[in-house]
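Each chain is listed here by its residues.
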Amino acid sequence: MIESAILHIPESKFCFAVKPNEICLRLRISKSDFPDEVKVVYGGKYAYALTRECAPMRRQCEDRLFAYYTVTLKLTDLRLVYVFEITCDNKIYFFSEDGLTEKFDFELSYYNCFQYAYINECDIMPPVEWMDTATFYQIFVERFNIGNGKKDKSYINLKWGDIPDPKSFAGGDIKGITEKLSYLNGLGINALYLTPVFSSVSNHKYDIGDYYEIDKNFGNKDDLRKLIENAHAQGIKIVLDAVFNHCSENFSQFQDVLKKGKESKYYDWFIITNGDPLEYECFASCKYMPKFNTSNPEVCEYLIDIATYWIKEFDIDGWRLDVSDEVSHDFWRTFRKAVKSVKPDSVLIGENWHDANIYLHGDQFDSIMNYAFTKACLDFYAFGTLDVQSFADKLNEILMRNTDTVNNMMLNLLDTHDTHRFLTRVEGNTDKLMSALALTYFFPGAPCIYYGTENAMEGGYDPDCRRTFDWGQEKIDNPVKSLIKRLTAMKRSSVFSQAQAKIFCKSGMLTVERGEYKLTINEKGNFTIEKI
């Protein structure tokens with residue numbers, strides 16, 4: 001066996017509790033090794049030298065370099081200790097804190113066995129249960145639908161249907177979403193993720209001037225309340241966008257800093273790098289979006305109050321957290337406790353584009369926007385840099401980054417307001433789009449459809465990916481829309497949604513088995529869905 005490939009880390013993605021008496025273990029070995037048997041030898045911490053149990057582990061999945069063996073143990077003693085026993089060519093090896101050895105002294109195991117000292121219930125990451133069956137639909141509010149025909153439209157400078165530029169305003173609003181809830185429900189959508197709705201001078205609203213007011217072009221608080229009440233009545237959750245990394249230069253506290261400099265009581269609310277002339281950290285290179293100092297307790301309290309206000313007063317179902325990887329870990333830990341104390345089943349989804357395991361230990365986010373999945377799909381369907389075997393390997397590698405609990409809450413997406421439309425990336429090939437959509441549903445987590453995908457909407461990079469929705473297609477069926485309806489019906493079934501996915505490559509086909517269904521994809525991206 002290749003000893004350097006073998007890995008296990010207690011209290012990590014390799015060892016995590018899912019219930020007060022239930023724990024999942026993973027052991028990584030080289031993909032080229034095929035042991036005769038892998039099992040875990042486990043027991044209670046204070047009786048292990050005398051009393052032990054064995055449980056076989058199964059080869060759950062493989063990525064490019066490694067294979068992963070897993071087992072779920074139901075415990076009577078919550079003080080777990082264990083070692084792995086690997087049989088290879090009829091020879092037994094043990095894997096413990098000492099690494100791979102031919103012998104293991106169980107009488108002295110308290111020195112070098114693995115342990116999960118005690119399963120404390122408050123340390124277990126609870127799943128957001130409704131995420132199991134959720135199908136999200138992301139709406140760029142300004143471009144979805146105009147519902148308030150009586151509002152002042154003097155700000156609108158884009159004819160509905162024309163191609164937008166960065167400064168375009170088309171007139172979409174909150175009433176426009178409420179008006180189309182039945183349409184969304186008909187697609188099987190049961191969760192909406194809305195781009196920011198708070199007061200801002202831009203069309204995208206990621207530069208917020210007032211976090212306690214709805215942008216006047218979108219409507220008012222009454223409109224939002226009616227949207228949420230109507231959505232909930234139809235079984236649809238509402239997740240809003242929290243922009244807590246930065247704000248608008250029009251934000252009153254920042255304006256106070258501009259006027260008073262170091263004399264402003266808000267001077268330390270922002271990361272000022274030079275006082276005279278004033279220089280400060282901002283989002284990207286956008287000076288009109290100054291960055292909050294989330295190491296400042298006053299800032300943390302202010303932002304957390306905003307988050308809990310919209311949950312308490314409007315009953316929103318969670319937050320998507322913008323530029324979450326640039327905000328302090330300490331802030332997110334405090335933020336999570338505050339939000340979950342108000343509404344335990346609210347979901348917290350970070351905008352992290354990279355491996356975010358450090359945020360996903362149960363003390364910060366529930367999940368992230370799964371851009372690693374997005375890139376894998378682009379590499380296979382659009383760029384051709386992955387074949388079916390390497391695609392399967394990559395998908396499994398992504399799953400092994402996090403615990404099963406986190407994987408089942410990931411927001412899996414093909415495109416967003418920050419990317420090219422997927423259909424444009426695959427050069428208008430709707431067969432590839434549908435294949436990728438099927439995979440998005442079969443992959444563990446919550447699928448997220450970017451508005452208009454059901455109508456095969458195209459678009460290049462921002463702002464072209466933010467075109468207006470074509471409501472002339474509302475009552476017209478097409479293959480993409482029909483597939484989404486079929487997939488959302490499957491996703492709502494507990495037989496499907498609660499089943500563990502198995503991803504592998506066989507006979508030149510990528511295969512994903514989930515419950516009683518099987519998805520197969522060939523080298524060209526063609527797919528089939530069938531019952532096993």
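Refer to the structure presented above.
Reading guide: rules and limits
Residues numbered from 1 in each chain as written. Predicted model: local features only at pLDDT ≥ 70, side-chain atom pairs only at ≥ 80, totals over all residues. Heavy atoms only, no water. Helix = DSSP H or I, 4+ residues; strand = E, 2+ residues; numbered from the N terminus. Rg over C-alpha atoms; globule rule 2.2 N^0.38 Å. Areas by Shrake-Rupley, 256 points an atom, 1.4 Å probe, with all protein chains shown as cover. Lys, Arg positive; Asp, Glu negative; His and termini not counted. Charge placed at Lys NZ, Arg CZ, Asp CG, Glu CD. Core = buried A, V, L, I, M, F, W, Y, C linked by side-chain atoms within 4.5 Å. Buried < 20%, exposed > 50% of the residue type's maximum accessible area, 1.4 Å probe, protein only. Contact = heavy atoms within 4.5 Å. 1 Å grid on protein atoms, 1.4 Å probe; cavity = no way out; pocket = protein on both sides within 12 Å on 5 of 7 lines; lining within 4 Å. Points joined across faces, edges and corners; volume = space filled by probe spheres on them. Nonpolar A, V, L, I, M, F, W, Y, C, P; charged D, E, K, R; others polar. Axes fitted to C-alpha atoms, helices over the stretch in contact; angles between N-to-C directions. Parallel < 35°, antiparallel > 145°, perpendicular 65-115°, else oblique. Left-handed = near helix turned anticlockwise from the far one by under 90°. Expected span 1.5 Å × (residues − 1). Polar contact = N/O pair within 3.5 Å; in protein donor to acceptor, adjacent residues only side chain to side chain.

Caption draft 1: The overall build of the chain, seen in detail. If you tally the helices and strands in the chain, you get 13 helices and 28 strands. Taking 24 Å as the expected radius of gyration for a compact globule of 532 residues, we find that the chain reaches 25 Å, a close match to that expectation. Taking the principal axes of the C-alpha coordinates as reference, the chain spans close to 80 × 60 × 40 Å. Accessible surface for the chain amounts to roughly 22200 Å². Of this, 48% is attributable to carbon and sulfur atoms. When the 62 positive and 77 negative side-chain charges of the chain are each reduced to one mean point, those points stand 4 Å apart.

Caption draft 2: Focus on the nonpolar core. Core analysis: the largest hydrophobic core is formed by 141 residues, its most contacted members being Phe136, Tyr137, Leu192, Trp319 and Phe335. Broken down by element, this core gets its largest block of residues, 10 residues, from helix H5 (residues 297–314). Setting aside its immediate chain neighbours within four residues, Leu192 contacts Phe136, Tyr137, Ile139, Ile177, Leu181, Leu184, Ile236, Lys237, Ile238 and Val239. The next biggest cluster of nonpolar side chains, apart from the first, holds 30 residues, and it includes Tyr42, Tyr69, Cys88 and Phe114.

Caption draft 3: Quick look at empty space enclosed by the protein. Applying the stated rule across the entire model yields two cavities of 30 Å³ or more. Forming the walls of the largest cavity are 14 residues, and the residues nearest its centre are Asn370, Ile398, Arg401, Asn402 and Met410. Counted by class, the lining of the largest cavity contains eight nonpolar, four polar and two charged residues. By volume, the second largest cavity amounts to about 30 Å³. Together, Leu413, Leu414, Asp415, Leu433, Leu437, Cys448, Ile449, Tyr450 and Thr453 line the second largest cavity. Listing elements by their share of the lining of the second largest cavity, those giving two or more residues are helix H11 (430–442) and strand S24 (446–450).

Caption draft 4: Main features of the packing of H5 against helix H6 (residues 329–342). Where H5 meets H6, the axes come as close as 10 Å, and the angle between the chain directions of the two elements is 25 degrees. As far as their axial angle goes, H6 and H5 are roughly parallel. In this structure, H5 meets H6 at a crossing whose hand is right-handed. Contact with H5, carried on its side by Cys300, Leu303, Ile304, Ala307, Thr308, Ile311 and Lys312, involves Phe331, Thr334, Phe335, Ala338, Val339 and Val342 of H6 and no other residues of that element. Its residues assigned to classes, the contact of H5 with H6 comprises 10 nonpolar, two polar and one charged.

Caption draft 5: Representation of unusual backbone geometry. Backbone torsion omega between Asp276 and Pro277 reads 0 degrees, so that peptide bond is classified as cis. Along the chain, Pro277 turns up in the loop between strand S16 (272–275) and strand S17 (278–280). Across the junction of Asp462 and Pro463, the peptide omega takes the value 15 degrees, indicating a cis bond. Structurally, the position occupied by Pro463 is in the loop between S24 and helix H12 (479–491). The backbone phi angle of Glu427 is positive, close to 55 degrees, even though this residue is not glycine. By the secondary structure assignment, Glu427 is in the loop between helix H10 (422–425) and H11.

Caption draft 6: H11, seen in detail. For H11, built from 13 residues, the straight-helix expectation of 18 Å at 1.5 Å per residue is met to within 8% by its first-to-last C-alpha distance of 18 Å. The buried fraction of H11 amounts to 10 of the 13 residues, a majority that puts the element mostly inside the structure. For H11, the complete set of buried residues consists of Leu433, Met434, Ser435, Ala436, Leu437, Ala438, Leu439, Thr440, Tyr441 and Phe442. Taking the backbone nitrogen of Asp431 as reference, a side-chain oxygen 3.0 Å away marks Asn429 as the first, capping residue of H11.

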